[in-house]
Amino acid sequence: MKQDNAIRLSLLGLAMSAVTALAVITTFILKEGVPVIFRYGLGAFLFGTEWKPTAEPPIFGVFAMIAGSFAVTAGALAIGVPVGLGSAIFLSEFAPKKVAIVLKPALELLAGIPSVVFGFMGMLVLLPFIRVHLGGPGASVLGGSAILGIMILPTVISISVDALRSVPRSYREGSFALGATGWQTTWRVTLPAARGGLVAAVILGMGRAVGETMAVIMVTGNTVQIPHSPLSPVRTLTSNIALEMSYASGEHREALFATGVILFVIIMALNTVANTVARLGKRA
Amino acid sequence: MLEARNLKLWYGDFRALNGVSMSITPRAITAIIGPSGCGKSTLLRCFNRMNDLVEGSRVEGEILFEGQNIYGRRFDMTGLRKRVGMVFQRPNPFPLTVFDNVAYGPRIHGLASGDELRETVKKALQATLLWDELGDKLDAPALSLSAEQQQRLCISRLVAVAPDVLLMDEPCSALDPMATQNIEELMLELKKRYTIVIVTHNMQQAARVSDFTGFMLLGDLVEFGETQQVFTAPRDRRTEEYITGRYG
């Protein structure tokens, strides 16, 4: 009994450490980042299109970076979601057991590849391809989208597969017993029944795309501008922080934290939506 | 109408059916009884080839449906399951509305749409006496219904594709006694138009509703005949032991 209590207390301590880390990080980012936003003006900070942190006086407008993150993420979803959902449907509904046994671990391995390696492959293979065959400088929204589209696959696929596998077998049997084909069953019964989990998969993939930094820096060119075509170079919110933090000081440093605050809000919102949708899906 | 000839089935190395032969009479209720694991559900699932979904299952022998072997190489599978419908042990309506559940079959087979579809759904719900209860709740989620209503809905779902045969795999095992009685009455009503095969572990149920009864034990069809005869004058000693409650 005594031993039990000791174990429980130490486990509680361990569990609390993760929560504490979250609390510390949140407080720190907010404390460093929020004051400058209000000093500078929320509107001017969010919707200003110029970012000149070293000018006199400095200009901090992150709109181009918000647009950049949005463009790259949207592109990543356009590539990653169809491929990811398709793979998940194949793995869970159609793949023979032997194939699934090989494919699933292979996809999980994809999640283990460091993001710098994705960036490296992008620089060496993808960007020259874009430059030669499609035009522009190569480093671009398209480059970032393609690399991120691949990087979100493990997230999208594994959560989608879980969602599809949690659909009761009896639904599928009911459909087959009415003479439905495999595809009719998937399209009309299994996918609607799993939709909560599938939406959550997409949103968490989106969160991963918004948050990714290293690979994105390597393939998007990092020019501060609102992208006017898929071939224009852009800078994302995450890139902005990573690129400038090493030499920033004073208000510039605070403005980078403020960029972090915006990211933080976006990711929190995405996670909340994902959780809500998954929960509603389960109840329906 | 349906006839099994020397039907054998294996799940991997396990032989679940040892050469079963039985003939199903049209517009009558045939009950298959026997202790758990005797192969009665397996046999039922052969009639619409649902066992095909089980990995590692293998079938020998044949089942004739209107003279054609459904395990033959050139047999139209989706056509078979449209004409030989199945009701499961636990009600399994889709997580859709009442209407969409019943409309599912007609939609996938392209049988009806628009007003015609609404008429089909209405008739299918009337056939299971659900229309009076649910006629104005067609948009309600099917999973919000009571267990009995769900099972009736599953039967309506089959009726909507106008099958010839209804296979019922212990359709009342998840229901309370009142609901069971209601479903049994429904079965007697349905047999005027459909051929019904029911698997049940409930001997009283078989005795109450069926016209023919088969008794299975360890993968063998031990005895098959008119229900009256099987229950009052069984020919096989094992049948007698089972129906008098000596095992099972």
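Residues numbered from 1 in each chain as written. Chains lettered and ligands numbered in written order. Predicted model: local features only at pLDDT ≥ 70, side-chain atom pairs only at ≥ 80, totals over all residues. Heavy atoms only, no water.

1. Section: the state of the cysteines
Inference 1: One pass over the structure, following the stated rule, counts zero disulfides over all chains.
Inference 2: The closest cysteine sulfur to the non-disulfide-bonded cysteine 46 of chain B is located on cysteine 38 of chain B, 13 Å from its own sulfur. (Disulfide = S-S within 2.5 Å.)

2. What about the packing of helix 3 (residues 98-108) of chain B against helix 4 (residues 114-127) of chain B?
Residue and element names in this part refer to chain B.
Inference 1: As a packed pair, helix 3 and helix 4 sit with axes 9 Å apart at the nearest point and diverge in direction by 110 degrees. Judged on the interaxial angle alone, helix 4 and helix 3 are roughly perpendicular. Considering the relative orientation of helix 3 and helix 4, their crossing is right-handed. Contacts between helix 3 and helix 4 involve Val98, Phe99, Val102, Ala103, Pro106 and Arg107 from the first element and Leu117, Arg118, Thr120, Val121, Ala124 and Leu125 from the second.
Inference 2: Split into classes, the residues belonging to the contact of helix 3 with helix 4 amount to nine nonpolar, one polar and two charged. (Axes fitted to C-alpha atoms, helices over the stretch in contact; angles between N-to-C directions. Helix = DSSP H or I, 4+ residues; strand = E, 2+ residues; numbered from the N terminus. Parallel < 35°, antiparallel > 145°, perpendicular 65-115°, else oblique. Left-handed = near helix turned anticlockwise from the far one by under 90°. Contact = heavy atoms within 4.5 Å. Nonpolar A, V, L, I, M, F, W, Y, C, P; charged D, E, K, R; others polar.)

3. A few points about the nonpolar core
Inference 1: Counting 87 residues, the largest nonpolar core has Leu125, Leu153, Met168, Met187, Leu190 and Ile196 of chain B as the members making the most contacts within it.
Inference 2: Ranked by the residues each element gives to this core, the list is headed by helix 3 (residues 63-94) of chain A, at seven residues. (Core = buried A, V, L, I, M, F, W, Y, C linked by side-chain atoms within 4.5 Å. Buried < 20%, exposed > 50% of the residue type's maximum accessible area, 1.4 Å probe, protein only.)

4. Comments concerning a nonpolar patch on the surface
Residues and elements named next belong to chain A.
Inference 1: Side chains of Ile113, Val116, Val117, Phe120, Met121, Met123, Leu124, Val125 and Met214 sit close together on the surface and give an oily, nonpolar patch of about 780 Å² of accessible area.
Inference 2: Looking at the nonpolar patch element by element, the count peaks at seven residues for helix 5 (residues 115-133).
Inference 3: Of note, isoleucine 113 is situated in the loop between helix 4 (97-112) and helix 5. (Patch = residues over 30% accessible without salt bridge, like charges linked within 9 Å, V, L, I, M, F, W, Y side chains within 5 Å. Areas by Shrake-Rupley, 256 points an atom, 1.4 Å probe, with all protein chains shown as cover. Salt bridge = Lys/Arg side-chain N within 4 Å of Asp/Glu carboxyl O.)

5. Things to note about the layout of surface pockets
Inference 1: Of the pockets and cavities examined, the largest pocket occupies roughly 770 Å³.
Inference 2: Every residue lining the largest pocket is counted, 21 residues in all, and those nearest its centre are Ser92, Glu93 and Arg169 of chain A together with Leu53 and Glu55 of chain B.
Inference 3: Contributions of two or more residues to the lining of the largest pocket are made by helix 3, helix 4, helix 8 (169-176) and helix 9 (182-193) of chain A.
Inference 4: The residue makeup of the lining of the largest pocket, split by class, is nine nonpolar, four polar and eight charged. (1 Å grid on protein atoms, 1.4 Å probe; cavity = no way out; pocket = protein on both sides within 12 Å on 5 of 7 lines; lining within 4 Å. Points joined across faces, edges and corners; volume = space filled by probe spheres on them.)

Any link to function would need more than the numbers given here.
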